[in-house]
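Chain and residue survey
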Amino acid sequence: MAMTGILRPGHAQLRVLDLEQATRFYRDIMGLVETGRDGQGRVYFKCWDEHDHSSLILRQADGAGIDFIGFKVLNASTLDQLDKDIQAFGLKTERVPAGDLLETGERVRFVLPTGHVMELYAEKTQIGNGLPAVNPAPWAPDADRGMAPVRFDHCLLYGPNVMANKVLFMEVLGFHLVERILGPAEAGEPEIGLFFSCSHKTHDIAFVEYPEPGKLHHLSFRMPTWERVLRAGDIMGMNKVPIDIGPTRHGVTRGETIYAWDPSGNRFETFAGGYEPYPDSRTITWTFEGFPHGLDFPQGKLHDSFLTVVT
Ligand code: M3P
Ligand code: FE
């Protein structure tokens, strides 16, 4: 399918309570590649098979959570057009100068109706995946340290007004709605969970209705296979990483998954599988009664922590 407009989730900036402990976790246990530190003390990482300079930025803070999520767009004129479209939709935008994030161009920043800070950018230096573009091997040495996800895949964010996000994502930002979760019949089955894609993936970003704005449910890291999800679970066990759910499979998106917590209490997901929707694919709906299997298909179980623990 043609890829124009918004291409993919490119980076997320995460707040951590102890930067050096978090750096050791993401580098040595998660197995990300550390790519830089800036004048503000932030630490930058990428997954081994990503080419752009960074996809995860850690900032030391007093409380855990997400500062912002950034999506890469096709080019500078796309960025300008989306900036105008977002303003016409009624949101204020702000330009963050190039270089504020290492090796990253100018960003257009705005606050979603759910209270999350989102940004768009067109430029990030490509530093490569450690493999040549001519006759490359299937993996590089960085693929063999820790859990070693191949890419930052998506995030699930919790906040109020997910229905307002739906209009923005579908009518302005060009995403399609792949799956949705409905609330109880007594409440008139409102849409309480929305899974959006700007690509061939089951989701590039998802939202769940929640009273407090701007909350992070999880950042998800793509593993190449289910075996690699299980191996990530082995590494979590070896390192006493606290697990929330899994290994199991979601009914929602059919993803094979483990949810666990980083040392600051931010949830992350190691994730594989799923399917490949197109923009014209039918949207899949999970009713409130069906949702326990949507969350954990084999067990059909609503895990309390999934619904209540966010940062
Ligand atoms: C994911 C995923 C829910 C399922 C979440 C699914 C809210 O996080 O990556 O597929 O039930
Ligand atoms: Fe997920």
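In what follows, the structure referred to is the one given above.
Residues numbered from 1 in each chain as written. Chains lettered and ligands numbered in written order. Predicted model: local features only at pLDDT ≥ 70, side-chain atom pairs only at ≥ 80, totals over all residues. Heavy atoms only, no water.

Turning our attention to the sheet that holds strand E13 (residues 215–222). In a beta sheet, neighbouring strands pair by backbone hydrogen bonds and run either parallel or antiparallel. The strand order across the open sheet built from nine strands is E14-E15-E16-E13-E9-E12-E11-E10-E17, with neighbouring strands paired in mixed fashion. Across the chains shown, the open sheet's two edge strands, defined by having one partner strand only, are strand E14 (243–249) and strand E17 (284–286). The sheet shows a mean angle of 20 degrees between the axes of neighbouring strands, direction not considered. As judged from the six bridges shared by strand E10 (residues 176–182) and strand E11 (residues 191–197), these two strands associate in the antiparallel manner. Among the inter-strand pairings, His 176 is bridged to a residue of E11, identified as Ser 197. The strands that helix H4 (residues 226–238) touches are E14, strand E15 (255–261) and strand E16 (267–273); relative to E15, the one it contacts most, it runs at about 15 degrees. (Pairing = 2+ DSSP bridges. Helix = DSSP H or I, 4+ residues; strand = E, 2+ residues; numbered from the N terminus. Axes fitted to C-alpha atoms, helices over the stretch in contact; angles between N-to-C directions. Contact = heavy atoms within 4.5 Å.)

The full count for this structure, using the stated rule, is one cavity of 30 Å³ or more. Around the largest cavity, the lining comprises 16 residues; the ones closest to its centre are Phe 195, His 250, Val 252, Tyr 259 and Phe 306. The leading source of residues in the lining of the largest cavity is helix H5 (residues 291–295), at three residues. Its residues assigned to classes, the lining of the largest cavity shows nine nonpolar, six polar and one charged. (1 Å grid on protein atoms, 1.4 Å probe; cavity = no way out; pocket = protein on both sides within 12 Å on 5 of 7 lines; lining within 4 Å. Points joined across faces, edges and corners; volume = space filled by probe spheres on them. Nonpolar A, V, L, I, M, F, W, Y, C, P; charged D, E, K, R; others polar.)

So, about the layout of surface pockets. Here the largest pocket defines a volume of roughly 350 Å³. Along the wall of the largest pocket there are 19 residues; nearest its centre are Arg 8, Pro 9, Glu 50, Arg 151 and Phe 152. At the level of secondary structure, the elements contributing two or more residues to the lining of the largest pocket comprise strand E1 (6–16) and strand E9 (151–159). Per element, the largest residue contribution to the lining of the largest pocket is four residues, and it comes from E1. Looking at the lining of the largest pocket residue by residue, the class counts come to six nonpolar, seven polar and six charged. Each of domain 1 (6–144) and domain 2 (151–308) contributes no fewer than three residues to the lining of the largest pocket. One number sums up the size of the second largest pocket: a volume of about 180 Å³. Every residue along the wall of the second largest pocket is listed here: Tyr 158, Ile 181, Ile 192, Val 208, Glu 209, Tyr 210, Phe 288, Phe 291, Leu 302, Phe 306 and Leu 307. Every element with two or more residues in the lining of the second largest pocket is listed here: strand E12 (205–209) and helix H6 (304–308). (Domains from an automatic or database assignment.)

So, on to the site of ligand 1. His 154, His 203, His 218, Thr 253 and Tyr 259 are the nearest of the 15 residues found near ligand 1. Contact between ligand 1 and His 154: an oxygen atom at 2.9 Å from a side-chain N or O atom of the residue. Measuring from an oxygen atom of ligand 1, one finds a side-chain N or O atom of Thr 253 at 2.5 Å. The fraction of the free accessible surface of ligand 1 (320 Å²) that becomes covered by protein chains is 100%. Here ligand 1 occupies the largest cavity. (Near = heavy atom within 4 Å. Polar contact = N/O pair within 3.5 Å; in protein donor to acceptor, adjacent residues only side chain to side chain. Areas by Shrake-Rupley, 256 points an atom, 1.4 Å probe, with all protein chains shown as cover. Sits in = over half its atoms within 2 Å of the grid points.)

Here the focus is the pairing of strand E5 (residues 65–73). In terms of burial, E5 is largely enclosed, as nine of its nine residues are buried. Two strands pair when backbone bridges link them, and E1 and E5 are joined in this way by eight bridges, in the antiparallel orientation. Bridge pairing links Arg 15 to Gly 65 in E5. Sheet topology places E5 next to strand E8 (residues 117–121); four bridges connect them, and they run parallel. The residue of E8 that forms the bridge with Phe 71 is Leu 120. (Buried < 20%, exposed > 50% of the residue type's maximum accessible area, 1.4 Å probe, protein only.)

Across all of its chains, the model carries 23 salt bridges by this definition. We note a salt bridge from Arg 15 to Asp 67, for which the minimum N-O separation is 2.8 Å. With Arg 15 in strand E1 and Asp 67 in strand E5, this residue pair connects regions lying 52 residues apart in the sequence. (Salt bridge = Lys/Arg side-chain N within 4 Å of Asp/Glu carboxyl O.)

With that settled, the discussion passes to the side chain of Asp 38. By the secondary structure assignment, Asp 38 is in the loop between strand E2 (33–37) and strand E3 (43–46). At 2.9 Å, the side chain of Asp 38 forms a polar contact with the backbone nitrogen of Gln 40. Those residues in contact with Asp 38 that lie beyond four places of it in its chain are Tyr 44, Asp 100 and Leu 102.

So far we have only geometry, and geometry alone does not tell us how the molecule works.
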